[in-house]
Amino acid sequence: MADIADKIYDEISPTGTTYSNKFSLKNASLFSLHVINSGLTGTLTLWVSNKPDPDAAVADWVQNTDVTFTALAGASTEMINAGNAAGRWYKVRYVHASGTANMEIWANFGEA
């Protein structure tokens with residue numbers, strides 16, 4: 001299987017709590033997230049659901065604490081690698097603290 005990359009988050013000056021698009025691993029066993037932040041301050045966490053079609057509500061999702069992000073503080077780029085992932089659906093949660101800027105998150109899927 002060839003690697004597949006998808007843009008899962010693209011927000012200009014988000015406020016409050018926002019979520020990426022949900023994504024599946026498309027039969028892959030590994031994924032990485034490339035965060036491109038042009039100046040926001042806040043926190044990112046990874047959420048997972050095994051429901052066939054999870055609702056956006058938090059009740060359908062559980063925070064994955066095996067994958068951690070560096071706290072966002074100004075312009076930065078971060079690469080997060082996750083191996084042996086078994087969840088059906090994933091999404092990234094961003095909680096805004098300050099700043100007006102753009103952030104993109106790209107997900108790439110592959111095999112071990």
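Residues numbered from 1 in each chain as written. Predicted model: local features only at pLDDT ≥ 70, side-chain atom pairs only at ≥ 80, totals over all residues. Heavy atoms only, no water.

(A) Seen up close, the confidence of the model for the chain. Per-chain confidence: the chain averages 88 in pLDDT, with 95% of residues scoring 70 or above. Mean pLDDT across the elements of the chain ranges from a minimum in strand β1 (residues 4-12), with 87, to a maximum in strand β2 (residues 17-19), with 95. (pLDDT = per-residue confidence, 0-100. Helix = DSSP H or I, 4+ residues; strand = E, 2+ residues; numbered from the N terminus.)

(B) Molecular detail of the environment of aspartate 66. As for its placement among the helices and strands, aspartate 66 is situated in the loop between β5 (62-64) and β6 (72-73). Residues aspartate 66 and glycine 99 lie 33 residues apart in sequence; the distance between their C-alpha atoms is 28 Å.

(C) The arrangement of the packing of aromatic side chains in detail. Summed over the entire model, instances satisfying the criterion amount to 4 aromatic pairs. On the numbers, 5.8 Å between centres and 25° between planes, the contact of phenylalanine 23 with tyrosine 90 is stacked. Taken together, the residues span a long stretch of sequence, with phenylalanine 23 in the loop between β2 and β3 (30-37) and tyrosine 90 in strand β8 (residues 89-98) at a distance of 67 residues. Neither residue differs from the other here; phenylalanine 23 and tyrosine 90 are each classed as buried. Taken together through their ring pairs, the aromatic side chains of Phe23, Phe31, Tyr90 and Phe109 make up a single cluster. (Phe/Tyr/Trp six-rings, centres within 6.5 Å; stacked < 30°, edge-to-face > 60°. Buried < 20%, exposed > 50% of the residue type's maximum accessible area, 1.4 Å probe, protein only.)

(D) Structural context of unusual backbone geometry. For serine 13, which is not glycine, the phi torsion reads 50° and is therefore positive. Relative to the helices and strands, serine 13 is located in the loop between β1 and β2.

(E) Summary view of the side chain of aspartate 60. Counting through the fold element by element, aspartate 60 comes out in the loop between β4 (41-49) and β5. A distance of 3.0 Å separates a polar atom in the side chain of aspartate 60 from a polar atom in the side chain of lysine 51. At 2.6 Å, the side chain of aspartate 60 and the backbone nitrogen of aspartate 55 are in polar contact. For aspartate 60, the contacting residues outside a window of four places in its chain are Val48, Ser49, Lys51, Pro54 and Asp55. (Polar contact = N/O pair within 3.5 Å; in protein donor to acceptor, adjacent residues only side chain to side chain. Contact = heavy atoms within 4.5 Å.)

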